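Given next are the chains, with one letter for each unit.
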Amino acid sequence: MTRHIGAAVAAACLTLLLAPGVQAADGSPAAAGNPYERGPAPTQASVEALRGSYAVAETSVSSLAVSGFGGGTIYYPTSTSDGTFGAVVISPGFTAYQSSIAWLGPRLASQGFVVFTIDTLTTLDQPDSRGRQLLSALDYLTQRSSVRGRVDATRLGVMGHSMGGGGTLEAAKSRPSLKAAVPLTAWNTDKTWPEITTPTLVIGADGDTIAPVATHSEPFYESLPASLDKAYLELNGATHFTPNSSNTTIAKYSLSWLKRFIDDDTRYEQFLCPLPRPGLTIDEYRGTCPLGS
């Protein structure tokens, strides 16, 4: 009788452990929970850390081996035990190379993404061209790259700085299947984006004189559909070029946004809702909460 009771208790405990949304003691997703969760349960420290829980490798992609964009560097988790990962392609800005946004590669990859920082066909390419190049790079990443087997082609996002940020909006407009978009101090002559259906986090800088928030990031954000999951983060004490250097605030909220919408990982919503308050590094934050409603 004792053995039967013990077996019943063990079975009940196993059922509870595998119930949707239940996590193991180490914070990893339970087997029957969200299949896209990657890594341990997040904390304030983990989303602000320079590196996440995954070891990262990188591979260079020559411009001679691709078409539609200028090559780049792929950063990816070395783990093969957690299944596939969502992916993000990131474009630099006007006159810039991938080196200007390279810091985001290992930082995001170590949190459980495949990240592709790209060079553009020329450094003078305009936002519409950069948007097409972001999509070409996504297609290469998911169809022909050496790490394509590590990528879930249904869970993709785009980011970019300056004209690359303008290109991020263009890419999201052109490909509604994208799960997340994060334009960084974006520049574009088109100020209205009512066609976008991709959850979008617009990041501007209060001291930006090249793409002032009043004529770029703010109208970009305000023109997005009211029904869309969207947010506007204005960096405090920052310039147009702040995204070109390692920045905890950019990383924290970009990561949380990508996790929430590429991985459908609601564990990260705590960093986005309730809306973050202004402070030392945040001048203003607007957004729609709760997300995904």
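Here the structure is a predicted model, which means the values were calculated and not measured.

*Asks:* What should I look at first to understand the environment of Trp-193 in this one?
*Replies:* Among the secondary structure elements, Trp-193 is positioned in the loop between strand 6 (180-184) and strand 7 (200-205). In this structure Trp-193 comes out as buried when scored by relative accessible area, which is 0%. In this structure the C-alpha to C-alpha distance between Trp-193 and Tyr-221, which are 28 residues apart in sequence, comes to 8.2 Å. Not counting chain neighbours up to four residues away, the residues in contact with Trp-193 comprise Leu-169, Glu-170, Lys-173, Asn-188, Phe-220, Ser-223, Leu-224 and Pro-225.

*Asks:* Looking at this structure, how should I read the pattern of salt bridges?
*Replies:* It is possible for side chains of opposite charge to pair when their charged atoms get near one another. Under the definition given, this model contains 13 salt bridges. With its nearest N and O atoms 3.7 Å apart, the salt bridge here joins Glu-37 to Arg-267. Within this pair, whereas Glu-37 is found in the loop between helix 1 (2-17) and helix 2 (44-48), its partner Arg-267 is found in the loop between helix 7 (248-262) and strand 9 (282-287), the two being separated by 230 residues in sequence. Summarising the burial analysis for this pair, Glu-37 and Arg-267 share the class buried. A salt bridge links Glu-269 to Arg-260; its shortest N-O distance comes to 2.9 Å.

*Asks:* Would you explain the packing of helix 4 (residues 127-143) against helix 5 (residues 163-174) in this entry?
*Replies:* Between two packed helices, both the angle of their axes relative to each other and the distance between the axes serve to describe the pair. At a minimum axis separation of 7 Å, helix 4 and helix 5 run at an interaxial angle of 60°. You can see that helix 4 and helix 5 cross each other, and the crossing is right-handed. Between helix 4 and helix 5, the contacting residues are Pro-127, Asp-128, Arg-130, Gly-131, Leu-134 and Leu-135 on the first element and Met-163, Gly-164, Gly-166, Gly-167, Thr-168, Glu-170, Ala-171 and Ser-174 on the second. Broken down by class, the residue content of the contact of helix 4 with helix 5 amounts to five nonpolar, six polar and three charged.

*Asks:* Any chance you could explain the side chain of Ser-145 here in plain terms?
*Replies:* Summarising the element assignment, Ser-145 is placed in the loop between helix 4 and strand 5 (151-161). From its side chain, Ser-145 meets the backbone oxygen of Leu-141 in a polar contact 2.6 Å long. With sequence-adjacent residues up to four places away left out, Ser-145 is seen in contact with Ile-74 and Tyr-140.

*Asks:* I keep staring at helix 5 and nothing clicks. Help me out?
*Replies:* Residues spaced three or four apart along an α-helix point in a common direction, a consequence of the helix completing one turn every 3.6 residues. A rise of 1.5 Å per residue sets the reference length of helix 5, with its 12 residues, at 16 Å; its end C-alpha atoms lie 16 Å apart and thus fit the reference within 8%. Most of helix 5 is tucked away, with 10 of its 12 residues classed as buried. Within helix 5 the residues assigned to the buried category are Met-163, Gly-164, Gly-165, Gly-166, Gly-167, Thr-168, Leu-169, Glu-170, Ala-171 and Ala-172. Buried-residue contacts for helix 5 involve strand 3 (85-91), helix 4, strand 5, strand 6, strand 7 and helix 6 (217-223).

*Asks:* Just to check I follow, could you spell out the packing of aromatic side chains for this structure?
*Replies:* Two aromatic rings are characterised by how far apart their centres lie and by the angle between their planes. Summed over the entire model, instances satisfying the criterion amount to eight aromatic pairs. Aromatic rings pair up to connect Phe-69, Phe-116 and Tyr-140 into one cluster. In this structure, Lys-259 packs its charged tip against the face of Phe-113, placed 5.2 Å from the ring centre. The ring of Phe-261 has Arg-260 lying over it, and the distance from NZ or CZ to the ring centre is 5.1 Å.

*Asks:* Explanation requested: unusual backbone geometry in the structure shown.
*Replies:* Residues other than glycine predominantly adopt negative phi, and peptide bonds predominantly adopt the trans conformation. The peptide bond linking Cys-273 to Pro-274 adopts the cis configuration, its omega dihedral lying at -5°. Tracing the chain through its elements places Pro-274 in the loop between helix 7 and strand 9. The residue after Cys-289, namely Pro-290, is reached through a cis peptide bond having omega -5°. Its place among the elements puts Pro-290 in the segment after strand 9. Despite not being glycine, Thr-95 shows a phi value in the positive range, around 65°. Examined against the element boundaries, Thr-95 turns out to sit in the loop between strand 3 and helix 3 (104-109). Judged by its relative accessible area of 45%, Thr-95 is partly exposed. Positive phi is not limited to glycine here, since Ser-162 has a value of about 60°. Relative to the assigned elements, Ser-162 resides in the loop between strand 5 and helix 5.

*Asks:* What exactly am I supposed to notice about the state of the cysteines here?
*Replies:* When the sulfur atoms of two cysteines share a covalent bond, that bond is a disulfide. In this structure the tally under the stated criterion is one disulfide. In this model, Cys-273 is linked to Cys-289 through a disulfide, with the two sulfur atoms separated by 2.0 Å. Between Cys-273 and Cys-289, the S-S torsion sits near -85°, and that sign places the bridge as left-handed. Taken together, the positions of Cys-273 in the loop between helix 7 and strand 9 and Cys-289 in the segment after strand 9 put the pair 16 residues apart, joining distant regions of the chain.

*Asks:* Would you take a moment to explain the sheet that holds strand 2 (residues 72-77) for this structure?
*Replies:* Each strand in a sheet pairs with another by means of backbone hydrogen bonds, the pair being arranged parallel or else antiparallel. Here nine strands make up an open sheet; going across it, the order is 1-2-4-3-5-6-7-8-9 and the pairing mixed. Among the strands making up the open sheet, the edge pair consists of strand 1 (56-61) and strand 9. Taken over all neighbouring pairs, the strand axes of this sheet differ in orientation by 15° on average, direction set aside. Where strand 7 meets strand 8 (residues 230-235), six bridges bridge the pair, whose relative direction is parallel. Looking at strand 8, one finds that Thr-200 is bridged to Lys-230. Packing against the sheet, helix 5 makes contact with strand 3, strand 5, strand 6 and strand 7, and its axis sits at approximately 140° to strand 5. Contacting strand 3, strand 4 (113-118), strand 5, strand 6, strand 7, strand 8 and strand 9, helix 7 runs over the sheet at an angle of about 160° to strand 6.

Analysis parameters
Residues numbered from 1 in each chain as written. Predicted model: local features only at pLDDT ≥ 70, side-chain atom pairs only at ≥ 80, totals over all residues. Heavy atoms only, no water. Helix = DSSP H or I, 4+ residues; strand = E, 2+ residues; numbered from the N terminus. Buried < 20%, exposed > 50% of the residue type's maximum accessible area, 1.4 Å probe, protein only. Contact = heavy atoms within 4.5 Å. Salt bridge = Lys/Arg side-chain N within 4 Å of Asp/Glu carboxyl O. Axes fitted to C-alpha atoms, helices over the stretch in contact; angles between N-to-C directions. Left-handed = near helix turned anticlockwise from the far one by under 90°. Nonpolar A, V, L, I, M, F, W, Y, C, P; charged D, E, K, R; others polar. Polar contact = N/O pair within 3.5 Å; in protein donor to acceptor, adjacent residues only side chain to side chain. Expected span 1.5 Å × (residues − 1). Phe/Tyr/Trp six-rings, centres within 6.5 Å; stacked < 30°, edge-to-face > 60°. Lys NZ or Arg CZ within 6 Å of the ring centre and 35° of its normal. Disulfide = S-S within 2.5 Å. Pairing = 2+ DSSP bridges.

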